[in-house]
Structures are given as structure tokens and as C-alpha cells.
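What follows is each chain in one-letter form.
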Amino acid sequence: NNKTDLKRIEVHAWGGGGGGGSSAYQSGGGSGGYGYRVIEVSDINTANVTVTVGTGGAAGSAGVATTFGSYITANGGSAGGSTNGAAGGAGGNVNH
């Protein structure tokens, strides 16, 4: 018997930050997105939810998204620019 009184869960997700540019005049990478969601347990339609923890990007690479199943995704930040005066990477966004 798996009876529980759990009604909802609170999920916080941060995407990985983007890596800085990959040259001498590099700019910083963008921050990862942040998301928050309260999910009704009755809305979760599977016994297991896959969780992916996003990592920060290497130099010149975007950060990796963090996900909690299909319920929330916090995207990674963009990589920084690699030319003199390049703009920093864009921050990640959130889908839920």
C-alpha cells in the first residue's frame, strides 16, 4: 500500500551558465535560466520523472538545460562572444 498525503511538489530549476568566449578578447557567458513551479501530484502521469541537471558550458559553448520531466525546463545560457568588443551571452529562459 503506497498511500500518501502528498498533494503537490515545488520544483526549482536552474539551467547551466554559458561558457565565456574562447579568445583573448572574450566576453562572459550568459546565466542559465531559472524556473519555479508547483505541480499537483495528481497531474504527474508517470511513476518516475526523469531529472536532468544542466552543466555550465565550456569556453565558447552554451550551458545545458535543466529539466524535471516535461513539467519544467530551465534553458542554459548562451556562450560569450569571442571577438574584441563582443556582447556577453544571453541568459537562458524557462518553459513550463
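How each quantity is defined
- Residues numbered from 1 in each chain as written.
- Predicted model: local features only at pLDDT ≥ 70, side-chain atom pairs only at ≥ 80, totals over all residues.
- Heavy atoms only, no water.
- Helix = DSSP H or I, 4+ residues; strand = E, 2+ residues; numbered from the N terminus.
- Rg over C-alpha atoms; globule rule 2.2 N^0.38 Å.
- Contact = heavy atoms within 4.5 Å.
- Lys, Arg positive; Asp, Glu negative; His and termini not counted.
- Charge placed at Lys NZ, Arg CZ, Asp CG, Glu CD.
- pLDDT = per-residue confidence, 0-100.
- Core = buried A, V, L, I, M, F, W, Y, C linked by side-chain atoms within 4.5 Å.
- Buried < 20%, exposed > 50% of the residue type's maximum accessible area, 1.4 Å probe, protein only.
- Salt bridge = Lys/Arg side-chain N within 4 Å of Asp/Glu carboxyl O.
- Phe/Tyr/Trp six-rings, centres within 6.5 Å; stacked < 30°, edge-to-face > 60°.

(A) Inspection of the overall build of the protein at higher detail. Assigned secondary structure in the protein consists of zero helices and six strands. Ordered by position from N to C terminus, the α and β elements of the protein give β-β-β-β-β-β. Computed over its C-alpha atoms, the radius of gyration of the protein comes to 17 Å, more than 25% above the 12 Å expected for a compact globule of 96 residues. A fraction of 62% describes how many contacts in the protein between residues 6 or more apart in sequence connect residues 24 or more apart. Looking at the protein, you have 4 positive and 4 negative side-chain charges, and the mean spots of the two groups are 3 Å apart.

(B) A look at the confidence of the model for the protein. Chain-level statistics for the protein give a pLDDT mean of 86 and a share of 91% at 70 or above. Of all helices and strands in the protein, the one with the weakest mean pLDDT is strand β6 (residues 94–95) (70), whereas strand β3 (residues 51–52) scores best (96).

(C) Layout of the nonpolar core. Grouped together as the largest cluster of nonpolar side chains are six residues: Val11, Ile39, Ile44, Phe68, Tyr71 and Ile72. The contact partners of Val11, leaving out residues within four places of it in the chain, are Gly35, Tyr36, Arg37, Ile39, Phe68 and Ile72.

(D) Broad picture of the pattern of salt bridges. All chains considered together, the criterion is met by one salt bridge. Its salt-bridge partner being Glu40, residue Arg8 comes within 3.2 Å of it at the nearest N-O pair. One end of the pair, Arg8, is in strand β1 (residues 8–14); the other, Glu40, is in strand β2 (residues 34–40), with 32 residues separating them in the sequence.

(E) The arrangement of the packing of aromatic side chains in detail. Scanning the entire structure with this criterion turns up two aromatic pairs. Between the aromatic rings of Phe68 and Tyr71, the centroid separation amounts to 6.2 Å while the plane-to-plane angle is 50 degrees, which identifies the pairing as tilted. As far as burial versus exposure is concerned, Phe68 and Tyr71 are alike and both buried.

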